[in-house]
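Analysis of the macromolecular model
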Amino acid sequence: MKRYLLGVDVGTQATKGIAVQADGEVVAVQTEEYGVLHPQPLWAEQWPHVWLEAACQVIRGLVAQISPAEVAGLCISGLYGGSGVPLDERMEPVRPCVIWMDRRATEEVKWVKENVDLDRLFEITGNWVDSYFGYTKILWIKNKEPESWRKISLFLPPNSYINFRLTREVAIDHSSAGNLGGLYDICAHSWSEEMAASLGIPLELMPERIVPSGEVIGEINQEGARLTGLLPGTPVLAGGVDAPMATFAAGALSRGDNVAMMGTSTCWGIVHTGEAFAKELVSMPHVVEAEEKVYTWGGSATSGALARWFRDQLAQWEVEKARELGRDPFQLLDELAAKVPPGCQGLIALPYFMGERAPLWDPQARGAWVGLTLSHTKGHLFRALLEAAAFSLRHAVEAGERIGLPIGEETLVVGGVAKSRLWLSILADVLGRPIRTLASQGIGAPLADALLVGLATGLVDRHERIRDWVDYTEPLTPGPERKALYDRYYVRYRKLYEALRDELHALAELSQENTR
């Protein structure tokens, strides 16, 4: 009988799952899409039943293409769930989960900076303070929704919540615990009683059981079988955060391996052994060998989202033309941008359309085009956004270089951005380093989930097999003249943010005023 490895990734806007053979051949793929709730500007939350229903639908779709008896095991990774799913004593959701992109906890960030020993916070957790981190979102619920707070007995990240619903086992993996920031001791690999006391967050609200991503935490029970179509007793693994899992899926295992996951946002991550930590970046245990390896990342809140926004708001002609030609409108926009010289003839964009994450940590930053003239065209505007995403990536990489992280010579780029050869070439020129991608895009984190199932069940012999499962393209190398030009534009890019920061913040505050 054949044995299949099931990997499922619960993303921000879609859940994707695959069934894989032990040699890495993908035999079934299933996807379910959904939306994000934005009750106020810069707020973002999701009800966990949306994730659960999508994950179960994906699993049922996979099982229908093979057989439940052929499934060796299941591993679920997930988006960074921010606060985590707040659950009451009956393990029912109290309110929606405040997810990673939410920026509401600005007052809580201010409180932490004024009341907590920040040097000690950084020493223990390897992370800083920002409304990105889950612990600040938890504090927001505590401060702003006291009725909800009184009902909460536990916070679980998205993948752990689904695992619980399928197995009734409560556990959290090290990457998810570390990504909360604030509460996780990154050296001791456990919750920090000291920081919990300083922050006023009871550790009773955190899962007691912290496990490696590849550990079997339980088995599908009768309810899980009803929801998914899997057989009772099917092993279920802990899983982990989607960013390090996607990095693993690209083959990043060794010290210095670095991958830029560029989809809606950018997440550039590097694998290391704890050599250094930076306040500008985010660090957590890697999903592979969590007690020895660290995954540190930085990246913009927008990258692919910039291109999608431009398409939807400013490129209706290209959308209609692409429909007539049976092409992708992004291909037409790329062709326009390819006619524009590097630097867009003096035009620079700031990509902060959703505030900014690492390394700026500025939720009040805003986007801009600077240097516009009447000679600039739609192609200039679009290319400037592509270059802005590249500048932002360079900013993150330089933050890692500054603290001495052992960054490898090449950077691998995965995600939707990797579909654009023009964008990849811009990345190579701006970063001044070879850029490689995967020959086949579109699988990502679920592939790593599946490999962990293979390891846990003995069908795969070692982590390095992931490199046999994927194929890489030849690298795109930077052009010396283009790199030299982009170096000059990058200086201006960094200076523009500093020059405009106060005004961008003022505009952000004005935008919150009720003018009706």
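A brief look at the structure comes next. (Residues numbered from 1 in each chain as written. Predicted model: local features only at pLDDT ≥ 70, side-chain atom pairs only at ≥ 80, totals over all residues. Heavy atoms only, no water.)

**Thoughts on the sheet that holds strand β21 (residues 411-414)**
Either a parallel or an antiparallel arrangement is found when strands of a sheet pair, and the pairing is made through backbone hydrogen bonds. Here we have six strands laid out as an open sheet, ordered β17-β18-β16-β15-β21-β22, and mixed in their pairing. A single partner strand is all that each edge strand has here, and the edge strands are β17 (282-285) and β22 (435-437). The mean angle between the axes of side-by-side strands here comes to 30°, regardless of whether they run parallel or antiparallel. Strand direction decides the pairing type here: β21 and β22, joined by three bridges, are parallel. (Pairing = 2+ DSSP bridges. Helix = DSSP H or I, 4+ residues; strand = E, 2+ residues; numbered from the N terminus. Axes fitted to C-alpha atoms, helices over the stretch in contact; angles between N-to-C directions.)

**Description of the side chain of R95**
With respect to the secondary-structure elements, R95 resides in the loop between β6 (85-87) and β7 (97-98). Here the side chain of R95 touches E45 through a polar contact of 3.3 Å, side chain to side chain. There is a polar contact of 2.5 Å between the side chain of R95 and the side chain of E145. Among residues more than four places away in sequence, those in contact with R95 are E45, W47, P86, R104, W140, I141 and E145. (Polar contact = N/O pair within 3.5 Å; in protein donor to acceptor, adjacent residues only side chain to side chain. Contact = heavy atoms within 4.5 Å.)

**Examining the pairing of strand β5 (residues 71-78)**
Regular strands have side chains that alternate between both faces of the sheet. Buried residues dominate β5, accounting for eight of its eight residues. Across two bridges, β5 lies against strand β14 (residues 235-237) in parallel orientation. Bridge pairing in β14 places C75 opposite L237. (Buried < 20%, exposed > 50% of the residue type's maximum accessible area, 1.4 Å probe, protein only.)

**Overview of the environment of G11**
The residue G11 is located in the loop between β1 (4-10) and β2 (14-20) in this model. Measuring from C-alpha to C-alpha, the distance between G11 and L42 comes to 19 Å, with 31 residues separating the pair along the chain. When residues no more than four places from it in sequence are discounted, the contact partners of G11 are Y34, W51 and L79.

**Things to note about the layout of surface pockets**
Estimates place the volume of the second largest pocket at around 470 Å³. Residue composition of the lining of the second largest pocket, by class: twelve nonpolar, seven polar and four charged. (1 Å grid on protein atoms, 1.4 Å probe; cavity = no way out; pocket = protein on both sides within 12 Å on 5 of 7 lines; lining within 4 Å. Points joined across faces, edges and corners; volume = space filled by probe spheres on them. Nonpolar A, V, L, I, M, F, W, Y, C, P; charged D, E, K, R; others polar.)

**Overview of the packing of helix α10 (residues 242-249) against helix α16 (residues 445-457)**
In contact at an axis separation of 7 Å, α10 and α16 are set at 80° when each is read in the N-to-C sense. Classified by the angle their axes make, α10 and α16 are roughly perpendicular. Residues D242, M245, A246, F248 and A249 of α10 touch α16, and the partners they reach there are A445, L447, A448, D449, L451 and L452. Residue composition of the contact of α10 with α16, grouped by class: nine nonpolar, no polar and two charged. (Parallel < 35°, antiparallel > 145°, perpendicular 65-115°, else oblique.)

**Digging into the pattern of salt bridges**
Tallied over the full model, the rule gives 34 salt bridges. With a shortest N-O distance of 3.3 Å, E45 and R95 are connected by a salt bridge. Here E45, found in strand β4 (residues 45-46), pairs with R95, found in the loop between β6 and β7; they are 50 residues apart in sequence, far enough to count as distant. R95 carries the same exposure label as E45, and that label is buried. When salt bridges with common partners are traced through the structure, they connect E45, R95, D102, R104 and E145 into a single cluster. (Salt bridge = Lys/Arg side-chain N within 4 Å of Asp/Glu carboxyl O.)

**What about the pairing of strand β3 (residues 26-33)?**
Pairing of β2 with β3, which is carried by seven bridges, proceeds in the antiparallel orientation. Residue pairing across strands places K16 opposite T31, the latter belonging to β3. The turn linking β2 back onto β3 is made up of five residues, and G24 within it adopts a positive phi angle of 95°.

**Comments concerning the environment of K483**
Along the chain, K483 falls in helix α18 (residues 480-511). On the accessibility criterion, K483 (27% relative accessible area) is partly exposed. When neighbours within four sequence positions are excluded, K483 is seen to be in contact with D429 and G432.

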